[in-house]
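# Residue-level structure breakdown
Take a look at the letters that make up each chain.
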Amino acid sequence: MTDALERRILERIDDDAIVSLASALIDAGGENPGSTEGSVAAVLDEHCRALGFDVECDDVAPGRPNVVVSVGGSDEPGVLFVGHSDVVPAGSGWTSDPFRAKVRDGRLFGRGACDMKGGLAAVVMAMAALKEAGALGASPVTLACLVDEEDTGLGIRAYVRAPRRRTYASCIVAEPTDLVTIVGCRGAANLEITVTGRSAHAGRPSNGRNAISAASRIVGLLDTMAEELTASAHPTLGPGTWNVGTIAGGTGTSMVADRCVITADRRLLPGEDAHDIAAHLANRVRAAGITGDGIDVSVDVSMEMPGFLTSNDAAVVGTVVGAVTDAAGFRGTDVWTASCDGGFVARDLGTPTVVFGPGEIETQAHQPDESVSVRQLCDSARAYALMASRTIVRPAVMTKT
């Protein structure tokens, strides 16, 4: 029965429809920062309603709606797919319009083709194939397409706080993984370190307190803390890391700088809390004698995305690896150096989570002439359909989400 059902499902995967929807999503834009996901959400909403799906739109900020698309019932645990509607800014260096999708040499080009309009289209058409094949029952198959993944995570934060009407046995984040099943990744936090001093004429700098000089000592402290993290690396995910991204301060060469701001990236291991890390950094700054005598330092968290790690023995891992093998050949498992919204689902909802999707994040995403293999788009849709079918036919232990 299951084999026959899966054949019916796979026969209904429409390769041309996947490319067409991915192209429409690319053409809709959605650059972030910029708060422009509304046009992408509108394309997804219209397409999914035409397919007969249950569609809910929830503005988490003006003109920035999360779109949650479901098929099937709600009485039994199902499968949750997670994606995002925003893309990083196009930037320069493109050889064609980044927001006019184009297929060339077996690849789909355009900003977001890889990260992650292609993955969104593949999930939607997998859901359509499940519906057309009569494979749905009491378990939901849901796509949560969220805003602001590329910046501060407004969309996923709103989604995990919302009341739950459906339950899920597993979550698959449709980010680009080159069809490898990613079982874990570090999280990320952006910290803003503000140093204030006292301005004075540069002819007598001792009359002031130089915020830039104090900030340089903090940069050195962060290097020391980074070395400490290397010595306590996670056996699977490696160490947490520090990286100073920007530093800006002062108002003129002939003035003692009265303010300097450092922004730093801190990669998080599962279970680490960014606010605890900020408090620890502030304590280390005070212990190092950097504050006082006219120098003050504050440490604030501007963004936090938790990490996660799912056991290779978890049901979702076996289901995803098996589905990918049957759809496109064995690809195995790995962990990621990037971070994604899946950490919120794993931490806040307790849902076993993996990352899987078409495209290669390090060589194809976030760069000029972004592209994804059309074959991978279609293979991922077949894999998504099999993952969902095998989850709702043989549901795992129910997890409230």
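Preceding this paragraph is the structure being described.
Throughout what follows, the structure given in this document is the object of discussion. Position numbers for residues start from 1 in each chain and track the written sequence from start to end. Residues qualify for local features only when their pLDDT is at least 70, as the model is predicted, and side-chain atom pairs are given and counted only at 80 or more; totals for whole chains, interfaces and linings, by contrast, use all residues. Calculated side-chain values reflect all of the structure's heavy atoms, with hydrogen atoms and water omitted.

The next subject is helix α9 (residues 342-349). A 1.4 Å probe rolled over the protein chains alone gives each residue an accessible area, and that area as a share of the maximum for its type sets the label: buried under 20%, exposed over 50%, partly exposed in between. Every helix listed is a DSSP run of H or I at least four residues long, and every strand listed is a run of E at least two residues long, numbered separately from the N terminus. Regarding α9, the residues found buried are G342, G343, F344, V345 and L349. Immediately beyond the C-terminal end of α9, within one or two residues, lies G350, with a positive phi of roughly 70°.

Okay, helix α4 (residues 113-132) next. Of all 20 residues in α4, 18 are buried; the element is thus mostly enclosed. Two residues or fewer past α4, G134 is found with a positive phi of approximately 70°.

Let's shift gears to the nonpolar core. Residues belong to one nonpolar core when they are buried, are Ala, Val, Leu, Ile, Met, Phe, Trp, Tyr or Cys, and are joined through side-chain atoms within 4.5 Å. Formed by 68 residues in total, the largest nonpolar core has its most connected members in F53, F81, V141, I172, F356, Y384 and M387. Examining the composition of this core, we find that 14 residues originate from one element, α4, more than from any other. With residues near it in sequence (within four places) discarded, F81 still touches V123, V141, T142, L143, A144, I172, Y384 and A388. One finds V195, C260, L281 and A282 within the second-largest nonpolar core, a separate group that totals 26 residues. Contact criterion: two residues are considered in contact whenever any of their non-hydrogen atoms come within 4.5 Å of each other.

The subject of this paragraph is the sheet that holds strand β11 (residues 259-268). Strand pairing is assigned whenever DSSP detects at least two bridges linking the two strands. Taken in spatial order, the four strands line up as β10-β11-β9-β12 in an open sheet, and their pairing is antiparallel. In this open sheet, the two strands that pair with only one neighbour each are β10 (241-249) and β12 (296-305). Going across the sheet, the axis of each strand differs from the next one's by a mean of 20°, ignoring polarity. With 10 bridges joining them, strand β9 (residues 187-196) and β11 adopt antiparallel strand pairing. Note on geometry: axes are lines fitted to C-alpha atoms, helical ones only across the stretch in contact, with angles between N-to-C directions running from 0 to 180 degrees.

Stacked, tilted and edge-to-face are the three classes applied to pairs of Phe, Tyr and Trp rings, where Trp contributes its six-membered ring and a pair requires centres within 6.5 Å; stacked means planes under 30 degrees apart, edge-to-face means over 60, and tilted covers the rest. Applying the stated criterion across every chain, the model contains two aromatic pairs. Centre to centre, the rings of F81 and Y384 are 5.2 Å apart; their planes meet at 75°, and the pair counts as edge-to-face. With F81 in strand β3 (residues 78-84) and Y384 in helix α11 (residues 374-393), this pair connects stretches of sequence that are 303 residues apart. According to the relative accessible area criterion, F81 is buried, its value standing at 1%. By relative accessible area, Y384 is classed as buried at 0%. By the ring-pair criterion, three or more aromatic residues cluster together here, those being F81, F356 and Y384. Whether a charge sits over a ring comes down to the Lys NZ or Arg CZ being within 6 Å of the ring centre and within 35 degrees of the ring normal. The positively charged end of R104 is found above the aromatic ring belonging to F109, 4.2 Å away from the centroid. Sitting above the plane of the Y159 ring, R164 keeps its charged end 4.4 Å from the centroid.

Everything listed here is a matter of geometry and, on its own, says nothing about what the molecule does.
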